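A closer look at the structure
One-letter residues, chain by chain:
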Amino acid sequence: MPVAVGSWMPAFGIALLASAIVLGCALAAPLSPDGRAAVALGVAVLGVALAFGPRRNATFEVVLTVALLAGWSDAWIQRANEPLVAQQPTARYPGTVIGDDRDGANGNASYTFAIDDGPTVTVNERGSAPALGARLLVRGRIDPFDDARNPGEPSEREIERERGIAARLASAQVMAALPDRRGDWRQWLARAHGWALTQLRERLGEPQASIAAGELWGEKSALPPDARAEFQETGTVHILVTAGLHLGVVVALIIWLLEWLRTPRSAAAIAAIACAWTYAFFAGGHIPVLRAATMLTVALIARACGRSALSWNAYAIAAGIIALARPLDVTGASFLLSFSCVGAILVCAEPLKAWITAHAELPDRLREAISLAIATQIGTWPVGAAVFLQFAPYAIVANVLVVPIVGLSMLLGGAQLLLAPFAPLAQGCANLNGWCLAWMLGVVQTISSLPVARIPMTPAPPWCIALYDVAVVSAVALIKRNRYRPCALVAFVAIALVLWPPRVGDHRLRITALDVGQADAIVVQTPGGHTLLVDAGGQLERGAQTPGDSSAERVGERIVVPFLLRHGIHALDAIVLSHPHGDHAGGVAPVLRWLRVGKLADSGQRYGGSAYHDAIATARAAGVPILDGRAGDIWRTDDDVTLTFIGPSLPFITGGTNDINDNSIAFILQYGSFRMLFTGDAGTSAEQRFLAEGVDLHADVLRYTGN
């Protein structure tokens, strides 16, 4: 229970001050209407708490107002002064490779490159990734990341900013290797990570080595896409991102060791704080790990002063410090996940541990680990579902089985690295860790293979998540009073609001052309609730592509599928694929994997592209009927929307330079007096055939993407 700090500070005063700072920072952020309403509601609740509290306190009201204004002004100033990288012409840039994002996917390498005296950028080029810590001269064009390009889409610029990356280096090519730069700590750190990853791979193999590297410093570049997806689907991906769990393990180990050595509490706290920040630096100094180090520092200082390390006051002080230090992050998913996690531990961990104690005979450490695993999932799944657009129904089970092993695995992995000069001892640690990692991997693979292991989610609006948080606190209070039925009702309503968020119907014809960077992805929503997708974006495929991981498909995974889910679309009546080029077919397979689809209209042309063949194979595997779209076909919905197909006709157009384009599916969408003409990439030859066949091409809107 929070305590008063001084005569002017009421109980919960520190928590209220931290809330005011965070809300002030959020007021200056560019939020969606739902987000802005939630922040305004938070400010209103703060005002009501002051106005109708047990007693008025003019001094505290002034301090609280100052805290609110301090948060707002801090965020406004930092946003106004935030350095934005402008597009730069092609040039040569010297720098250091400090991160390896992915290596070898379709012959491409993606890595993080710190330009000397310049921004940190991400590089994508042909070939294998250079060694971590390599000094290179790279030729390319600096392109800033985009803000949100489609309705409801998060800003890529904001996401990458939190990762510490300012732009991308487009059309990159390594020109030369450079000599080392003296005093470059990023080069030293990158080489340390490269050495550690090599040591892990030599003794553990893959994917175990990448999982261990993810535990130790958040490295997951070499983890295969399928394995990453399995961790995501089971809600255990957080073990691969060094943050609170991992720093907590390190600090707990240091505290235990120092207590065993009978070190005074204050000295132990100082040593643990130093170790936490050293480890945060080794893990790359990314925002999540720095945030975790700050929270642990506050908790350890409280412990050194004889207070509870895990308390609302420590939680609030950490939130206030982090918000003032990085006010632009308070509305980001990482900040929300961090504090949702710790808040849930404060509310739920002890009641859960008491319940486990009453129902099972388990060692105290195991009871604590299980209660923490469940509490963190209770706190984080609504935000996680909103961010990752999926609900993992088995996440609690997966985390209960995996999280208690993480600490032991980290200890063995760290021991393997420290004992690297002593090969037999290092191999012994690796062998023991191999069993731990095999257990974790087996759990994740088994649970991800269960029925409905991943349920696509439409993000709940912030007010639904806020109500869920209130419901969690209320449910715990009701359980303490043995009022189980009201608790169950509150929990059911709160969970239902997150899983099935209420949406306002729109009884109009809505046609949305998504910005997919190239070609088409058009969503047609009819007044009666039917949805069609015309093409699904992508990019032209160059060179050999890996089945299921085509470069064209990633556009569908990152833009098309998220747009559909964010707008409450979980089923499509049909997909119309105008023609099989990768820049139109790229997103079809990902859409088929995530959503229910009634039918797929295909032009029926032969084409060797990986994305197209994957789309057809995925449709067949899912039992989706594949229809050849032909001139003369007519589709009608029960709300009077008509699709009249005008092409292609048989025999196909041949003999030209763009036959596949000219044989695109073309149709006229009509609703009332409104007409829209879709032609895919059909060109002059197709237009001449339409006119020769007497097709009425008059339309209010023409959608054409050909050259």
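In what follows, the structure referred to is the one given above.
Bear in mind the structure is a predicted one, so any value in this text is a computation, not a measurement. (Residues numbered from 1 in each chain as written. Predicted model: local features only at pLDDT ≥ 70, side-chain atom pairs only at ≥ 80, totals over all residues. Heavy atoms only, no water.)

Notes on the nonpolar core
Side chains of a nonpolar character, in soluble globular proteins, are inclined to be buried together. Keep this limit in mind: As used in this record, nonpolar core signifies buried Ala, Val, Leu, Ile, Met, Phe, Trp, Tyr and Cys residues forming a set joined through side-chain atoms within 4.5 Å. Each residue gets one of three labels from its accessible area relative to the maximum for its type: buried under 20%, exposed over 50%, partly exposed in between, using a 1.4 Å probe on protein chains only. Where helices and strands are cited, they refer to DSSP runs of H or I of at least four residues and of E of at least two residues respectively, numbered from the N terminus. What makes two residues a contact is simply this: any of their non-hydrogen atoms within 4.5 Å.
L200, W217, F231 and L247 are the most contacted members of the largest nonpolar core, which has 47 residues in total. Where this core is concerned, the elements lending two or more residues are α5 (185–204), α6 (208–217), α7 (225–233), α8 (244–260), α9 (265–282), α10 (287–304), α14 (395–418) and α15 (423–448). Those residues in contact with F231 that sit more than four places away from it in its chain are I211, L223, T236, V237, I239, L240, L441 and V444. The next biggest cluster of nonpolar side chains, apart from the first, holds 30 residues, and it includes V555, I559, L595 and A619.

Details of the packing of aromatic side chains
Stated precisely, the cut-off is as follows: Aromatic rings from Phe, Tyr and Trp, with only the six-membered ring used for Trp, were paired whenever their centres fell within 6.5 Å, and each pair was classed as stacked if the ring planes differed by under 30 degrees, edge-to-face if by over 60, and tilted otherwise.
Within the structure shown, the criterion is met by 12 aromatic pairs. Taking the centre distance of 5.4 Å and the plane angle of 45° together, the rings of W185 and F281 count as tilted. One end of the pair, W185, is in helix α5; the other, F281, is in helix α9, and 96 residues separate them in sequence. Here W635 and F645 contribute two aromatic rings whose centre-to-centre distance is 5.1 Å and whose plane-to-plane angle is 65°, an arrangement assigned as edge-to-face.

A closer look at the pairing of strand β17 (residues 641–647)
The side chains of a regular strand alternate between both faces of the sheet. Inclusion rule: A strand pair is defined by DSSP finding two or more bridges across the two strands.
Burial analysis of β17 places 6 of its 7 residues in the buried class, the great majority of the element. Relative to β17, strand β16 (residues 634–636) runs antiparallel, the two being bridged by 3 bridges. Residue I634 lies in a different strand from β17, and its bridge partner there is T644. Counted between consecutive antiparallel strands, the loop separating β16 from β17 contains 4 residues, among which D640 sits at a positive phi close to 70°. Inspection of the sheet shows β17 paired to strand β18 (residues 666–671) by 6 bridges, in the antiparallel sense. Residue pairing for β18: G647 is matched across the bridge by A666.

Re the pattern of salt bridges
Note the following rule: Take a side-chain nitrogen of Lys or Arg and a carboxyl oxygen of Asp or Glu: if they are within 4 Å of each other, that pair is a salt bridge.
By the definition in use, this model includes 21 salt bridges. The salt bridge involving E158 is made with R161; its shortest N-O contact spans 3.0 Å. Here E158 and its partner R161 are both found in helix α4 (residues 156–162), 3 residues apart, which amounts to about one turn of the helix. Residue E158 is classed as partly exposed on the basis of its relative accessible area of 26%. One salt bridge in this structure joins R191 and D180, with 2.8 Å as the shortest N-O distance. One end of the pair, R191, is in helix α5; the other, D180, is in the loop between β5 (167–177) and α5, with 11 residues separating them in the sequence. Look at R191 and you get partly exposed, because its relative accessible area is 37%. Each of R79, E158, R161, R326 and D329 takes part in a single network of salt bridges with overlapping partners.

Brief notes about helix α18 (residues 553–566)
Using the following cut-off: One less than the number of residues in a helix, times 1.5 Å, gives the span that helix is expected to have. The angle separating two fitted axes, one through the seven residues that finish at a residue and one through the seven that start at it, defines the bend at that residue.
Taking 1.5 Å per residue, 14 residues should reach 20 Å; α18 reaches 19 Å between its end C-alpha atoms and fits that length. By the largest-angle criterion, V560 marks the main kink of α18, which is about 25°, and a proline, P562, follows within four residues. Counting buried positions over the 14 residues of α18 gives 12, a clear majority of the element. E553, R554, V555, G556, I559, V560, V561, P562, F563, L564, L565 and R566 are the residues of α18 that are buried.

Some remarks on the sheet that holds β16
Keep this limit in mind: Comment: axis = line fitted to C-alpha atoms, over the contacting stretch for helices; angle = value between 0 and 180 degrees taken between N-to-C directions.
Overall, mixed pairing links the 5 strands, which are arranged β16-β17-β18-β19-β20 in an open sheet. A single partner strand is all that each edge strand has here, and the edge strands are β16 and β20 (701–703). Each adjacent strand pair in this sheet contributes to an overall mean axis angle of 15°, direction not counted.

A few points about the environment of L189
Tracing the sequence through the fold places L189 in helix α5. Expressed as a C-alpha distance, the spacing of L189 and A392, which sit 203 residues apart in the sequence, is 35 Å.

A look at a nonpolar patch on the surface
Test applied: Put simply, a patch holds well-exposed residues, over 30% relative accessible area, that have no salt bridge, with like charges counted together within 9 Å and Val, Leu, Ile, Met, Phe, Trp or Tyr side chains within 5 Å. Only the protein chains shown count as cover for residues, and all accessible areas are computed by the Shrake-Rupley method using a 1.4 Å probe.
A contiguous nonpolar patch, built from L253, W256, L257, W260, L261, L408 and L411 and spanning about 750 Å² of accessible area, is present on the exposed surface. Secondary structure elements with two or more residues in the nonpolar patch: α8 and α14. Sorting elements by how many residues they give to the nonpolar patch places α8 first, with 4 residues. Here L411 is to be found in helix α14. What makes L411 partly exposed here is its relative accessible area of 45%.

What about unusual backbone geometry?
For the bond from E206 to P207, the omega torsion is 5°, close enough to zero to count as cis. With respect to the helices and strands, P207 occurs in the loop between α5 and α6. For the peptide bond that leads from G647 to P648, omega is 5°, which places it in the cis range. With phi around 60°, L389 is a residue other than glycine that occupies positive phi space. Despite not being glycine, D535 shows a phi value in the positive range, around 60°.

Comments concerning the sheet that holds strand β14 (residues 600–602)
The strands that make up a sheet pair up through hydrogen bonds in the backbone, lying either parallel or antiparallel. Here 6 strands make up an open sheet; going across it, the order is β8-β9-β10-β12-β14-β15 and the pairing mixed. Of all the strands in the sheet, the pair left with one neighbour each is β8 (510–513) and β15 (626–628). Strand-to-strand, the axes of this sheet are offset by a mean angle of 20°, without reference to chain direction. Here strand β10 (residues 531–534) pairs with strand β12 (residues 574–577) via 3 bridges, running parallel.

Comments concerning the layout of surface pockets
By rolling a water-sized probe across the atoms, one finds the places where empty space is left. Short version of the rule: Here a cavity means grid points, on a 1 Å grid over the protein atoms only, where a 1.4 Å probe fits yet cannot get out; a pocket means an open set of points with protein on both sides within 12 Å along at least five of seven lines; lining residues are those with an atom within 4 Å of a point. Grid points are joined across faces, edges and corners, and a volume is the space filled by probe spheres set on the points. Under the scheme applied, nonpolar residues are Ala, Val, Leu, Ile, Met, Phe, Trp, Tyr, Cys and Pro; charged residues are Asp, Glu, Lys and Arg; polar residues are all the others, including Gly.
The space that makes up the second largest pocket amounts to roughly 780 Å³. Mapped onto the lining of the second largest pocket, the elements with two or more residues apiece are α12 (333–359), α13 (364–388), α14, α16 (462–480) and α17 (484–499). Its residues placed into classes, the lining of the second largest pocket shows 28 nonpolar, 2 polar and no charged.

Quick word on the state of the cysteines
As a reminder of what qualifies: Note on terminology: pairs of cysteine sulfur atoms within 2.5 Å are recorded as disulfides.
Enumeration according to the criterion identifies 0 disulfides in this entry. Free of any disulfide, C305 has its nearest cysteine sulfur in C275, 19 Å distant. Taking the relative accessible area as the measure of exposure, C305 reaches 59% and is therefore exposed. Here C464 is not disulfide-linked; the sulfur of C348 is the nearest cysteine sulfur, at 19 Å. By relative accessible area, which is 0% here, C464 ends up buried.

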